[in-house]
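One-letter residues, chain by chain:
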Amino acid sequence: MTRTPEEVAQALQELHRTADLTTPYALRAAVTLDLASRVAGGPLGAPELAGAVGAQVAGVRKLVRLLARDGYFTLDDDQVGLGPRGWLLLEDATRARLDHGRGYARVDDAWPGLVEAIRTGGSGYEAARGKSFYAELGDDEQLVASFDGQLAEWSGHWTGRLVEALGLSDEHVVDVGGGTGALLGAVLLAYPETRGTLVELPSTAERAGRSFAEQGLSDRVAIATQSFFEPLPAGADLYLIAQVLHNWPDGETVAILERLSQAAGDAPIVIVERLTGGAENDADLASDLLMYAVFGVGERSAAEFAALAGEAGLDLVGTRQVLGALSTLELRPSR
Ligand SMILES: C[S@@+](CC[C@H](N)C(=O)[O-])C[C@H]1O[C@@H](n2cnc3c(N)ncnc32)[C@H](O)[C@@H]1O
């Protein structure tokens with residue numbers, strides 16, 4: 001196919017616009033510096049705004065000038081105001097995704113390591129930052145706390161459907177890597193006769209304890225502060241592990257499944273993950289590549305989970321869609 005020079009020039013321009021990182025980074029900088037809320041009440045002089053956020057006035061001017069082009073700010077006579085789209089920068093969902101001072105936004109630090117992750121199957125985050133994502137969060141209490149909060153917020157979108165589908169009565173439910181307990185708390189609230197055990201690392205476990213107390217659930221829940229690579233609480237009726245295994249390579253995933261299998265005996269184990277090869281929307285595809293960049297793992301298909309479960313002596317006996325690609329996979333001991 002022959003292309004005219006004009007077609008080539010236009011296609012190149014489009015590609016370069018798509019690949020350009022200026023606006024994505026500029027938006028992150030503006031949100032992290034919290035510029036929008038400083039001018040939400042009315043315009044401020046650029047020097048005053050820079051002073052208020054502890055930044056360089058030249059840098060603030062350049063940032064605002066660029067983002068004014070897309071309507072996020074206005075810059076008239078060195079006065080910075082909120083543009084017609086500026087309100088978007090004030091939304092909680094924007095801050096959660098773009099504020100570099102919050103845990104979840106740190107996932108973007110993995111992108112410079114994407115090539116390394118694809119070449120080696122290792123963590124792109126580690127390649128880019130020199131330490132793992134969870135190690136980096138663990139070094140900063142504010143980052144872990146905000147990350148936990150963001151996961152709990154996302155849980156609100158899917159736990160209701162999952163909990164209803166579980167159809168429980170008076171079971172003892174163990175949630176492994178259960179975060180601050182959004183899923184387990186929803187189980188306990190929906191089924192008043194159930195009991196729960198949450199398995200988590202120390203700082204998150206502590207926050208989970210506070211959250212259970214606030215919901216009046218403390219007397220029905222135990223917290224096992226430990227790693228899921230250690231022996232897990234045994235003898236419960238149901239084991240849940242939600243959005244954990246997509247962070248771990250195959251070897252570690254099999255090791256975690258073996259721990260689950262040893263603890264569960266004949267009880268069902270329910271994995272919650274986004275499955276590839278089915279109902280993935282654009283957000284699922286983006287999240288899959290992002291998880292791959294961060295952990296060198298990403299999402300798996302039901303067949304891939306079945307193979308890993310098999311290595312741990314477990315059979316995949318059923319899958320069920322929860323929300324988009326997010327699904328449950330039920331495992332039982334191999335016959
Ligand atoms: C992506 S979060 C999922 C949290 C929760 N299950 C949910 O669906 O929102 C993964 C969780 O695994 C926990 N985690 C990571 N490494 C762990 C380990 N070795 N032992 C126990 N928990 C761990 C993290 O603290 C984090 O809360």
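For clarity, every value in this text was computed on a predicted model and none was experimentally measured.

A. Structural context of the sheet that holds strand β5 (residues 195-200). Pairing in this open sheet of 7 strands is mixed, and the strands run β6-β5-β4-β7-β8-β10-β9 from one edge to the other. Only two strands of the sheet have a single neighbouring strand rather than two, namely β6 (221-225) and β9 (314-323). Taken pair by pair, the neighbouring strands of this sheet meet at an average axis angle of 20°, ignoring direction. Contacts between helix α13 (residues 202-214) and the sheet are confined to β5 and β6, with β6 contributing the most and set at about 170° to the helix.

B. Highlighting the UniProt feature "active site" (unreviewed entry) in the protein. Under the local residue numbering, the UniProt record ascribes the feature "active site" (unreviewed entry) to His246. Locating His246 in the fold gives a position in the loop between β7 (238-242) and α14 (250-264). With residues up to four places along the chain from it excluded, the contact list for His246 reads Glu273, Met291, Phe295, Val297, Gly298, Glu299 and Arg300.

C. Main features of the sheet that holds strand β1 (residues 44-45). Within the open sheet, the 3 strands sit side by side as β1-β3-β2. Their pairing is antiparallel. Two strands close off the open sheet at either side, each with one partner strand: β1 and β2 (73-76). With 4 bridges joining them, β2 and strand β3 (residues 79-82) adopt antiparallel strand pairing. If you follow Thr74 over to β3, its bridge partner there is Gly81.

D. Up close: the site of the ligand. Looking at the ligand, there are 18 residues lining it, with Gly177, Glu200, Phe228, Ala242 and Gln243 nearest. Within the side chain of Glu200, one N or O atom sits 2.6 Å away from an oxygen atom of the ligand. In this structure, Gln243 approaches the ligand through a side-chain N or O atom, which is 2.8 Å from an oxygen atom. With the chains in place, 92% of the 590 Å² that the ligand exposes on its own is no longer accessible. Of the residues that constitute the shell around the ligand, the class distribution is 8 nonpolar, 9 polar and 1 charged.

E. Spatial organisation of α14. With 15 residues, α14 ought to run about 21 Å at 1.5 Å a step, and its terminal C-alpha atoms sit 20 Å apart, in line with that. Buried residues of α14: Thr253, Val254, Ile256, Leu257, Leu260, Ser261, Ala263 and Ala264, and no others. Here the buried face of α14 lies against β4 (172-176), β7, β8 (269-274), α16 (302-311), β9 and β10 (326-333). Just beyond α14, the residue with positive phi is Gly265, at close to 60°.

F. Focus on the pairing of β9. Both β9 and β10 contribute to a ladder of 8 bridges, which runs antiparallel. Paired with Leu323 across the two strands is Leu326, which belongs to β10. Counted along the chain from β9 to the antiparallel partner β10, the turn is 2 residues long, and its residue Gly324 has a positive phi close to 60°.

G. Examining the layout of surface pockets more closely. Roughly 340 Å³ of volume is contained in the second largest pocket. Lining the second largest pocket are 14 residues, with Tyr25, Arg28, Asp108, Asp109 and Trp111 positioned closest to its centre. Broken down by secondary-structure element, the contributors of at least two residues to the lining of the second largest pocket are α2 (22-33) and α6 (92-98). At 5 residues, α2 tops the list of elements feeding residues into the lining of the second largest pocket. For the lining of the second largest pocket, a count of residues per class yields 8 nonpolar, 2 polar and 4 charged. When residues of the lining of the second largest pocket are sorted by domain, at least three fall in each of domain 1 (5-93) and domain 2 (99-149).

H. Summary view of the domain arrangement of the protein. Looking at the assigned domains, one finds that the protein contains domain 1 (5-93), domain 2 (99-149) and domain 3 (150-333). Once you take the C-alpha centre of each, domain 1 and domain 3 turn out to be 39 Å apart.

I. Quick peek at unusual backbone geometry. The backbone phi angle of Asp77 is positive, close to 60°, even though this residue is not glycine. Structurally, the position occupied by Asp77 is in the loop between β2 and β3. On the basis of relative accessibility, which here comes to 79%, the residue Asp77 falls in the exposed class. The backbone of Asp78 shows a phi angle near 65°, a positive value even though the residue is not glycine. Turning to its location among the elements, Asp78 is positioned in the loop between β2 and β3. Assessed through its relative accessible area of 28%, Asp78 is described here as partly exposed.

J. A look at the packing of aromatic side chains. Considering all chains together, one arrives at 10 aromatic pairs under this definition. Measuring from centroid to centroid gives 6.4 Å for Tyr104 and Phe147, while their planes differ by 15°, and the two rings are stacked. Of this pair, Tyr104 sits in the loop between α6 and α7 (114-120) while Phe147 is found in helix α10 (residues 141-155), placing the two residues 43 residues apart along the sequence. According to the relative accessible area criterion, Tyr104 is partly exposed, its value standing at 23%. In textbook terms, an aromatic cluster arises when at least three aromatic residues are bridged by ring pairs, as seen for Tyr104, Tyr125, Phe133, Tyr134, Phe147 and Phe295.

K. The arrangement of the nonpolar core in detail. By size, the foremost hydrophobic cluster in this structure holds 28 residues, and its most contacted members are Val176, Tyr239, Ile241, Leu257, Leu260 and Ile271. Secondary-structure elements contributing two or more residues to this core are β4, β7, α14, β8, α16 and β10. Among the elements that take part in this core, α14 stands out by supplying 6 residues, more than any other. With near-sequence residues (within four places) excluded, Val176 lies in contact with Val199, Phe228, Leu232, Leu240, Ile241, Ala242, Val244 and Leu260.

What counts and how
Residues numbered from 1 in each chain as written. Predicted model: local features only at pLDDT ≥ 70, side-chain atom pairs only at ≥ 80, totals over all residues. Heavy atoms only, no water. Pairing = 2+ DSSP bridges. Helix = DSSP H or I, 4+ residues; strand = E, 2+ residues; numbered from the N terminus. Axes fitted to C-alpha atoms, helices over the stretch in contact; angles between N-to-C directions. Contact = heavy atoms within 4.5 Å. UniProt positions renumbered as here; feature names shortened; annotations may be inferred. Near = heavy atom within 4 Å. Polar contact = N/O pair within 3.5 Å; in protein donor to acceptor, adjacent residues only side chain to side chain. Areas by Shrake-Rupley, 256 points an atom, 1.4 Å probe, with all protein chains shown as cover. Nonpolar A, V, L, I, M, F, W, Y, C, P; charged D, E, K, R; others polar. Expected span 1.5 Å × (residues − 1). Buried < 20%, exposed > 50% of the residue type's maximum accessible area, 1.4 Å probe, protein only. 1 Å grid on protein atoms, 1.4 Å probe; cavity = no way out; pocket = protein on both sides within 12 Å on 5 of 7 lines; lining within 4 Å. Points joined across faces, edges and corners; volume = space filled by probe spheres on them. Domains from an automatic or database assignment. Phe/Tyr/Trp six-rings, centres within 6.5 Å; stacked < 30°, edge-to-face > 60°. Core = buried A, V, L, I, M, F, W, Y, C linked by side-chain atoms within 4.5 Å.

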